[in-house]
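Read off the chains here:
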Amino acid sequence: INWLINEEPMTMRDQLAWGVLDHLLLGTSASKLAKELTESNLGDDLIGGGLSDELLQATYGIGLKGVAPEDVDKVEPLVLEVLASAAKSGFDQDAITASINTIEFSLREFNTGGYPRGLMFMLGSLSQWLYDRDPLDGVRFESALAELKAALERKEPVFQDLINKALLANGHRVTVKMVPDLKLEKEQEMEELDVLAKIKAAMTPADLANIVTSTNTLKARQAAADAPEDVAKLPRLDLADLDREQREIPIEIEHRAALAGQSKGTTFLMHELPSSGILYADVCFDASSLTLDEAPLLPLFTACLTEMGTATKDRVTLSQEIGTHTGGLRTATLLAQPSIAGGLVAPSDALFSYVCVRGKAVAGKADRLFGLMREVVSEGNLDEKQRVIEMLKETVAGYRASIPAAGHTYADSRLRSKYSAASWLADASGGISGFEHAKALLLQAETDWPTLSLRLKTMRAKLVASDGIVINLTGDAVVLETARPHAEAFTAALPSSSPEWAGPGGVRLHSVSKSLWAAAPYTTAPTNEGLAVPTQVNYVAKGGQLYKPGEKVAGSAAVISKYLRTGYLWDTVRVMGGAYGGFCRLSASSGVFTYLSYRDPNLKGTLDNYDNAASHLSTLELSDGDLSQSIIGAVGEIDRPMQADQKGFASLSQYLAGETAADRQARRDELLSTTLADFRAFGDRLHLLNKESTVTVIGSKGSIDKANEDMGAHPRLNVRELM
């Protein structure tokens, strides 16, 4: 259900009010409209996106997907009923306070992620500038925020008025119902073939010859290098403009020795960085005692921490307290192979694993932040069957939407799962196997809830303890000084160690020094798969272990991988092949290298291009200028902009991986010293990889079956319908 919500340009106060209203309705799973739609069980997940105000005329959209045919006509009345109720009764004051604080925190923090702030200021100004309005209005908010707060203080029905005028009484509304049709793709293909046949029948031999000539001319132009005089017109950096020294993130490490009954102790990491008075805190629990059958539960378990309420708060109250007193709580799982000194590839069964709760707040609310963190990890409600079912339905629906839309990431994860325990676990908890596990967990929640609830509680009992915990704090000096006692109190309130859980052979797990996940059966993972999904394009992945455990991955590998992504693969897979994207990825810790394509009309042709990359590098000629530009491009990825929270979390990951400043400097030195000989040596490695690499393709069954008829030198794909 979609509305056009304004005929005239909105004032800055109205724009801000709409942002707050959108958060009140849909901002969290506990928001009024989101909660009602989810709990209606009319669909699997929300769609529509809520407010879209980038253009002069804003829109508002909300709906459900995965709706049964008999329930389709119930969705629109439910949406209008909830909106009418909100317009009549208004919103709870705690909900308004939480939403206002959430929006204000975001505005003041202005966290631009990996993008330069100056660039984001410019883009923010465009929403006004494009329409001949004051560009600075796109980034100002103080006056509008004060005006909105004053109106609310006067008890004006700000949000009720917006709902009544722009939604309930607004006839500029369209309701769209999209119905699956299993025959549509084939019908459209036949119609297209029929049209093309008629066009060809009407053409003369000269017309056909002209098409062939034009096509060959186009291909020649696509394959041709840019003229040196044209390249010279572009502004360029020089190697002399780059810092030779690796930029280090400040870190202070304090390790507390293990107490009686503990095996690892407690670690505090502090990063003193400018943060505008905001504390960024990460609480990471050692996950090494979790068993293999608990890995697929990780996404559900971590979601439950912030989505289910606690022993004393329902999920609406918890959501409002998080919104009122913090800048947000979220979870993350750190699961990766460690770094080995000297840039060597780690053993395939080596890994580190942590479950983290991440939060942010102004320094004066550090006590509330850690209090909420303690409450969600220690007292989280793991008994609400219906809410877990709702969450799992949303997860499954998310997979069904994201795999056909971003299949290259899933194909990459699936292919890598054969080469290390960490990658096998990543696929099991968030990849193709994760999708299959989510469906199985949904069935278990519906048919055997007591067992699933017990599994979640067992995981919590294993994880939540101060033994092995890492507390990561980032902020200004004053912020860190203010936060430290609250972090100490948080740790002291946790159990000293987790109970002793019996593992294989009766081993007491809390004393195990090596993660049980190291036994992941990665060597038995499927290979050369064709995973069929409803899509008209392919996602083609090919790769393997380019560097074996114990071999060194030099810094030059980053330069060469960058060159392949932005040069050879861009030209062959995207420009000439017609895919939306062509990439490659190299993991320095695992030694695994993969080629990937995005929304690719081809399959075998793309695999041919991958294999030909080896010869391209082995015979490559690069001018000094082009080599320098390749090096500069790789350095740009290392030196990308990061905000304070990103720097703190990156430093945490480096610490847990065992990566040192000396390792990073050595890698930078090698990167800056890359030569043409390094490119050719890398090409020789790729020649060897061609003989032992594996393939994973996500695409339509028709295209995979057709490619399988003649794969040439490539292995035939084992086809399986994924959805």
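Along each chain, residues carry numbers from 1 onward, in the same order as the chain's sequence is written. Reporting of local features is limited, given that this is a predicted model, to residues whose pLDDT is at least 70; pairs of side-chain atoms are given and counted only at 80 or more, and all residues count toward the totals for whole chains, interfaces and linings. Side-chain numbers come from the whole structure's heavy atoms, not from hydrogens or water.

**A closer look at the environment of His-437**
Looking at the secondary structure, you find His-437 in helix H17 (residues 432–447). Type-normalised accessible area, obtained with a 1.4 Å probe on protein chains alone, sets the label of each residue: buried when under 20%, exposed when over 50%, and partly exposed for intermediate values. On the accessibility criterion, His-437 (30% relative accessible area) is partly exposed. Residues His-437 and Leu-297, 140 residues apart in the sequence, show an inter-C-alpha distance of 8.3 Å. Apart from the residues lying within four places of it in its own chain, the contact partners of His-437 are Pro-296 and Ala-428. For helices the rule is a DSSP run of H or I covering at least 4 residues; for strands it is a run of E covering at least 2, with both sets numbered from the N terminus onward. When checking whether two residues touch, look at their non-hydrogen atoms; a contact exists if any pair is within 4.5 Å.

**Section: helix H15 (residues 407–416)**
With nine of 10 residues buried, H15 lies mostly within the body of the structure. Listed in full, the buried residues belonging to H15 are Gly-407, His-408, Tyr-410, Ala-411, Asp-412, Ser-413, Arg-414, Leu-415 and Arg-416.

**So, the state of the cysteines**
In what follows, a disulfide is any cysteine sulfur pair within 2.5 Å. What the rule picks out here adds up to one disulfide. Between the sulfur atoms of Cys-284 and its disulfide partner Cys-356 the distance amounts to 2.5 Å. Judged by the torsion about the S-S bond (110°), the Cys-284/Cys-356 disulfide is right-handed. Remark: Cys-356 occurs in strand S9 (residues 352–362) and Cys-284 occurs in strand S7 (residues 278–286); sequence separation between them is 72 residues. In terms of burial, Cys-284 and Cys-356 fall into one category: buried. Of all cysteine sulfurs, the one in Cys-356 lies closest to Cys-304, which takes part in no disulfide; the gap is 17 Å.

**A closer look at helix H1 (residues 12–26)**
In this scheme, a helix's expected span is set at 1.5 Å multiplied by one less than its residue total. Here H1 contains 15 residues, and its C-alpha end-to-end distance of 21 Å stays within 8% of the 21 Å for a straight helix at 1.5 Å per residue. For H1, a buried count of 12 out of 15 residues is recorded, marking the element as mostly surrounded by other parts of the structure. Those residues of H1 that sit buried are Arg-13, Gln-15, Leu-16, Ala-17, Trp-18, Val-20, Leu-21, Asp-22, His-23, Leu-24, Leu-25 and Leu-26.

**A few points about the confidence of the model for the protein chain**
Across the chain, each position has a pLDDT score giving the predictor's confidence in that residue, from 0 to 100. Taken residue by residue, the protein chain gives an average pLDDT of 93. The fraction at 70 or more is 98%. Overall, residues 501–513 carries pLDDT values under 50, and its contacts beyond four positions in sequence, including any with other chains, amount to 21 contacts.

**Some thoughts on the packing of H17 against helix H18 (residues 449–463)**
Here an axis means a line fitted to C-alpha atoms, over the contact stretch when the element is a helix, while the angle between two N-to-C directions is reported on a 0 to 180 degree scale. Axis separation between H17 and H18 bottoms out at 6 Å; the angle between their running directions is 120°. With respect to each other, H17 and H18 are oriented oblique. Facing Leu-441, Gln-444, Ala-445 and Thr-447 of H17, the residues of H18 in contact are Trp-449, Thr-451, Leu-452 and Arg-455. Small angles under 35 degrees read as roughly parallel and large ones over 145 as roughly antiparallel, with 65 to 115 read as roughly perpendicular and the rest as oblique.

**Thoughts on unusual backbone geometry**
Positive phi, close to 60°, is recorded for Asn-41, a residue that is not glycine. Along the chain, Asn-41 turns up in the loop between helix H2 (32–39) and strand S2 (45–52). Judged by its relative accessible area of 35%, Asn-41 is partly exposed.

**A closer look at the sheet that holds strand S6 (residues 266–272)**
Only strands joined by at least two bridges in the DSSP assignment are considered to pair. Spatially, six strands are ordered S5-S6-S10-S7-S9-S8 in an open sheet, and the strand pairing comes out mixed. Of all the strands in the sheet, the pair left with one neighbour each is strand S5 (252–256) and strand S8 (328–336). Each strand of the sheet is rotated relative to its neighbour by a mean of 15°, with strand direction disregarded. In terms of strand pairing, S6 meets strand S10 (residues 470–475) through six bridges, oriented parallel. Bridged to Thr-267 within S10 is Val-470. Contacts between helix H4 (residues 93–109) and the sheet are confined to S7 and S9, with S9 contributing the most and set at about 95° to the helix. Contacting S8 and S9, helix H11 (residues 298–307) runs over the sheet at an angle of about 160° to S8.

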